[in-house]
Amino acid sequence: MATDTRDAAPRAGRPARPAGRRRTTPLRFYREVVAELRKVVYPGRSELITYVIVVLVFCSVTVAFVASLDFGLTKAMLAIFG
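Criteria and thresholds
- Residues numbered from 1 in each chain as written.
- Predicted model: local features only at pLDDT ≥ 70, side-chain atom pairs only at ≥ 80, totals over all residues.
- Heavy atoms only, no water.
- UniProt positions renumbered as here; feature names shortened; annotations may be inferred.
- Helix = DSSP H or I, 4+ residues; strand = E, 2+ residues; numbered from the N terminus.
- Patch = residues over 30% accessible without salt bridge, like charges linked within 9 Å, V, L, I, M, F, W, Y side chains within 5 Å.
- Areas by Shrake-Rupley, 256 points an atom, 1.4 Å probe, with all protein chains shown as cover.
- Salt bridge = Lys/Arg side-chain N within 4 Å of Asp/Glu carboxyl O.

- The protein chain carries the name Protein translocase subunit SecE in an unreviewed UniProt entry, which gives Candidatus Protofrankia californiensis as its organism.
- UniProt's Sequence similarities (unreviewed entry) comment on the protein chain is quoted here verbatim: "Belongs to the SecE/SEC61-gamma family."
- Within the UniProt record for the protein chain, the comment given under Function (unreviewed entry) is "Essential subunit of the Sec protein translocation channel SecYEG. Clamps together the 2 halves of SecY. May contact the channel plug during translocation."

## Points about the UniProt feature "transmembrane region" (unreviewed entry) in the protein chain
Then, in step 1: In the numbering used here, UniProt assigns the "transmembrane region" (unreviewed entry) feature to residues 48-69.
Then, in step 2: Counting secondary structure, residues 48-69 comes out at 100% helix and 0% strand; the distance between its end C-alpha atoms is 32 Å.

## So, a nonpolar patch on the surface
Then, in step 1: Together, Phe29, Val33, Leu37, Val40 and Tyr42 line one region of the surface with nonpolar side chains, adding up to about 500 Å² of accessible area.
Then, in step 2: Its place among the elements puts Phe29 in helix 1 (residues 26-38).

The structure is reproduced here in structure tokens:
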């Protein structure tokens, strides 16, 4: 048989928080964000240029593919329905 505790019932108007989690202050949140951003390894100039070129080529190929589908389907619909 379980024993009821004061925290077991949710407070009126608010959902119950998971056990062991406390609310943090905005200052602590900011400090943790800055600490995580310091762990990030940013790409160098040459890597960044390579990534930009890859993204531009991929987007260009995707746009060309969708445009050709649009053109082809438009021609097909005009041929069918005139």
